[in-house]
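Coordinate analysis (summary)
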Number of protein chains: 2
Amino acid sequence: MELPGKTVERLSQYRRILYDSIREGKNYIYSHELAKMMNLTSVQVRRDLMLIGYSGSQSKGYVIKDLVALIGKIIDSDQGQHIIIVGMGNLGRAITSYFAGKRDKLVIVAAFDNDLQKTDRIVAGIPCYHINKLREVVEAEKVSIAVLTVAPEATHDVAKKLMEAGVKGILNYTSVPLTVPPDVYLEEYDIVTSLEKLAYLVKS
Amino acid sequence: MELPGKTVERLSQYRRILYDSIREGKNYIYSHELAKMMNLTSVQVRRDLMLIGYSGSQSKGYVIKDLVALIGKIIDSDQGQHIIIVGMGNLGRAITSYFAGKRDKLVIVAAFDNDLQKTDRIVAGIPCYHINKLREVVEAEKVSIAVLTVAPEATHDVAKKLMEAGVKGILNYTSVPLTVPPDVYLEEYDIVTSLEKLAYLVKS
DNA sequence: CTTATATTGTGAAACAAATAGCAACACCAC
DNA sequence: GTGGTGTTGCTATTTGTTTCACAATATAAG
Ligand SMILES: NC(=O)c1ccc[n+]([C@@H]2O[C@H](COP(=O)([O-])OP(=O)(O)OC[C@H]3O[C@@H](n4cnc5c(N)ncnc54)[C@H](O)[C@@H]3O)[C@@H](O)[C@H]2O)c1
Ligand SMILES: NC(=O)c1ccc[n+]([C@@H]2O[C@H](COP(=O)([O-])OP(=O)(O)OC[C@H]3O[C@@H](n4cnc5c(N)ncnc54)[C@H](O)[C@@H]3O)[C@@H](O)[C@H]2O)c1
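All of the points below concern the structure found in this document. Values in this document were obtained by computation on a predicted structure and should not be read as measured data.

Definitions and cut-offs
- Residues numbered from 1 in each chain as written.
- Chains lettered and ligands numbered in written order.
- Predicted model: local features only at pLDDT ≥ 70, side-chain atom pairs only at ≥ 80, totals over all residues.
- Heavy atoms only, no water.
- Helix = DSSP H or I, 4+ residues; strand = E, 2+ residues; numbered from the N terminus.
- Contact = heavy atoms within 4.5 Å.
- Salt bridge = Lys/Arg side-chain N within 4 Å of Asp/Glu carboxyl O.
- Buried < 20%, exposed > 50% of the residue type's maximum accessible area, 1.4 Å probe, protein only.
- Least-squares fit on C-alpha atoms with pLDDT ≥ 70 in both.
- Expected span 1.5 Å × (residues − 1).
- Phe/Tyr/Trp six-rings, centres within 6.5 Å; stacked < 30°, edge-to-face > 60°.
- Axes fitted to C-alpha atoms, helices over the stretch in contact; angles between N-to-C directions.
- Left-handed = near helix turned anticlockwise from the far one by under 90°.
- Nonpolar A, V, L, I, M, F, W, Y, C, P; charged D, E, K, R; others polar.
- Buried area = accessible area lost by both parts, 1.4 Å probe.
- Polar contact = N/O pair within 3.5 Å; in protein donor to acceptor, adjacent residues only side chain to side chain.
- Near = heavy atom within 4 Å.
- Areas by Shrake-Rupley, 256 points an atom, 1.4 Å probe, with all protein chains shown as cover.

Mapped onto the fold, V202 of chain B is located in helix α8 (residues 191–203). If sequence neighbours within four positions are ignored, V202 of chain B has contacts with Q81, S144, I145, K168, G169 and Y185 of chain A.

This is the structure we're talking about:
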């Protein structure tokens, strides 16, 4: 099954919101309720759920627990996936402390830097190694995903090392665009671009 | 002129890359060169430039300085725009220290928090006020854009205050989806969603 | 001058995503 | 049970974006 990228993103967010609903004691939810919480239309919610083959009851809506379980089946790997943070500066540390313990199936197992002040210590609760131990740790810990938060000038070099070490997904937060071969997945996000887009919109 | 959102985002990135090229002493650039640096196709670059009405020379390509100036005319306001950071936690501080002095036309003028440890001091180079001074400062400094990095449970409440104070663009980094009226522009980004999307892609 | 080559600019086709429209169904009030 | 209401599930349509294909043009080499 080949899901549209946007649908996968929304599934991740549905799940987070559904966890909150479970915590509030809800068992069922209607498409329009979920839509409202996510600021989209009920049609879109239903279409996403149709794509993953989930059916609700016409009177009670969707069974939250079942839906959460199905989304988990689609997004999570059975054994979970291991993540590393590469570049333990301000942003790397913020992400690490935020993410720690948030998800069962996605675990930050290590961080890397080339600044000796930061290496061979626990930083933000995670062991931080020197970048030249990258390959070793990636192989030992079976790391599949890396978050790239190094200084911009190191981006290409470090990305190359990541791919050589066998990382299959890169989340690039540096301001430098990356190119990856087809067997590696890349997501990029740049805060300056978002701000400039807002500036353009607000201006008009 | 109504530009596609994706085009606006790329224009912001073209400009950043073009600044680097100017620094390296280049005066002209071809669509395929720019495309390669941004990891997209030359057709797409040309299409974007066509949309903003910029023409290059068939032999030398595009005049970098002119192109940068035109992108500036489209994205920037003449007087510039003022930005605030709301929620001076790990992420808010990382963004502030990163952004400081990066752009002429987009200036972070203040930060806000409700933690008395952080307020009425300079944090990461920016004055940090108590959240109850929000309206006052927004009006005095003519703030048009806010970056929202407060704790998740405060999101709706603070967003409401921002809009009441007259902010027209919100960049929401909390994990809580927001709804805004049509005269306010909203961009949202969530790191957990990106990681889960990567997890989905890598898994398959 | 003529030809080969490299480039830009753009209409049209293809693709991706969001939205509309509606049939089918379950439930409730009476 | 019958009619009204609110819901899901699905197909068709619309909208937005990217890619294809190629005409037009400038330059350089022969
Ligand atoms: N902080 C933000 O809000 C923000 C926003 C957008 C983009 N970025 C980008 O994210 C990246 C990190 O930003 P930051 O604010 O954390 O910067 P930072 O300077 O605080 O952190 C960069 C870290 O990378 C490490 N590093 C440098 N070269 C390295 C190498 N070769 N190998 C391993 N580690 C190396 C440095 O030692 C440092 O710890 C930058 O590329 C920046 O452009 C940051
Ligand atoms: N750090 C990350 O990488 C990351 C990633 C994704 C999302 N987020 C989201 O970004 C937000 C901030 O993350 P963080 O890691 O910086 O958390 P943090 O706890 O370090 O910072 C939150 C800040 O908001 C302030 N705050 C709380 N309530 C407030 C209120 N009513 N008014 C003003 N200020 C208030 C707190 O005093 C604190 O300084 C959170 O919503 C989090 O979910 C963070």
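The subject of this paragraph is the pattern of salt bridges. Residue and element names in this part refer to chain A. All told, the structure shown has 31 salt bridges over all chains when counted by the stated rule. A salt bridge links R135 to E139; the nearest nitrogen and oxygen atoms lie 3.1 Å apart. Separated by 4 residues within a single helix, R135 and E139 lie in helix α6 (residues 134–141), roughly one turn from each other. A relative accessible area of 47% means that R135 is categorised as partly exposed.

Another aspect to go through is the relation of the copies chain A and chain B. Taken as rigid bodies, chain A and chain B are interconverted by a rotation of 180° and an axial shift of 0.0 Å, the fit giving an RMSD of 0.0 Å. Such values leave the two copies arranged in the relation of a two-fold axis. Take the interface residues of chain A: 100% of them recur as interface residues in chain B, which is what a same-surface contact looks like.

This part covers the environment of I17 of chain B. Along the polypeptide, I17 of chain B turns up in helix α1 (residues 5–23). If we ignore the near neighbours within four places in the chain, the residues touching I17 of chain B are P177 of chain A together with L34, M37 and M38 of chain B.

Residues and elements named next belong to chain A. Between its first and last C-alpha atoms helix α1 (residues 5–23) spans 28 Å; for 19 residues at 1.5 Å apiece the expected length is 27 Å, and the two agree. If you check which residues of α1 are buried, you get T7, V8, R10, L11, S12, Y14, R15, R16, I17, L18 and S21. Two residues or fewer past α1, G25 is found with a positive phi of approximately 90°.

For the rest of this paragraph, the subject is the packing of aromatic side chains. Inspection of every chain in the model, using the stated rule, returns 7 aromatic pairs over all chains. Ring centres of Y173 of chain A and Y189 of chain B lie 6.2 Å apart, and the angle between their planes is 90°; on these two criteria the pair is classed as edge-to-face. Of this pair, Y173 of chain A sits in the loop between β8 (169–172) and β9 (185–188) while Y189 of chain B sits in the loop between β9 (185–188) and α8, placing the two residues on different chains. Ring geometry for Y189 of chain A and Y189 of chain B: centres 3.8 Å apart, planes at 10°, overall stacked. Pair noted here: Y189 of chain A is in the loop between β9 and α8 (191–203) and Y189 of chain B is in the loop between β9 and α8, and the two residues belong to different chains. In this pair, the class of Y189 of chain A matches that of Y189 of chain B, namely buried. Put simply, the rings of Y173 and Y189 of chain A together with Y173 and Y189 of chain B pair up and form one aromatic cluster.

Turning our eyes to something else, we now look at the packing of α1 of chain A against helix α4 (residues 64–75) of chain A. All names here are of chain A. Relative to each other, α1 and α4 sit at 145°, their axes nearing to 10 Å. For the pair α1 and α4, the crossing hand works out as left-handed. Note on element contacts: α4 touches α1 through I64, K65, L67, V68, I71, G72 and I75, opposite V8, L11, S12, Y14, R15, L18, Y19, S21 and I22. Its residues assigned to classes, the contact of α1 with α4 comprises 11 nonpolar, 3 polar and 2 charged.

Moving on to the interface of chain A and chain B. Of the residues lining the interface, 60 residues belong to chain A; the matching set on chain B comes to 61 residues. Where chain A abuts chain B, roughly 5,500 Å² becomes buried across the two surfaces, and 64% of that area is made up of carbon and sulfur atoms. K197 of chain A is the partner of E9 of chain B in a salt bridge, and the nearest nitrogen-oxygen pair spans 2.8 Å. Applying the counting criterion to the chain A and chain B interface returns 26 residue pairs in polar contact (both at pLDDT 80 or more). Considering only residue class, the side of chain A that touches chain B consists of 33 nonpolar, 14 polar and 13 charged.

The next thing to look at is the site of ligand 1. Around ligand 1 sit 23 residues in total, of which N90, L91, D113, K118 and V150 of chain A are the nearest. Residues lining ligand 1 come from chains A and B. Take P152 of chain A: an N or O atom from its main chain is 3.3 Å from an oxygen atom of ligand 1. Y173 of chain A is positioned with one of its backbone polar atoms (N or O) 3.4 Å from an oxygen atom of ligand 1. When ligand 1 sits alone it has 820 Å² of accessible area, and the protein chains cover 84% of it. When contributions to the shell around ligand 1 are tallied by element, the ones reaching two or more residues are α5 (90–99) of chain A together with α5 (90–99) of chain B.

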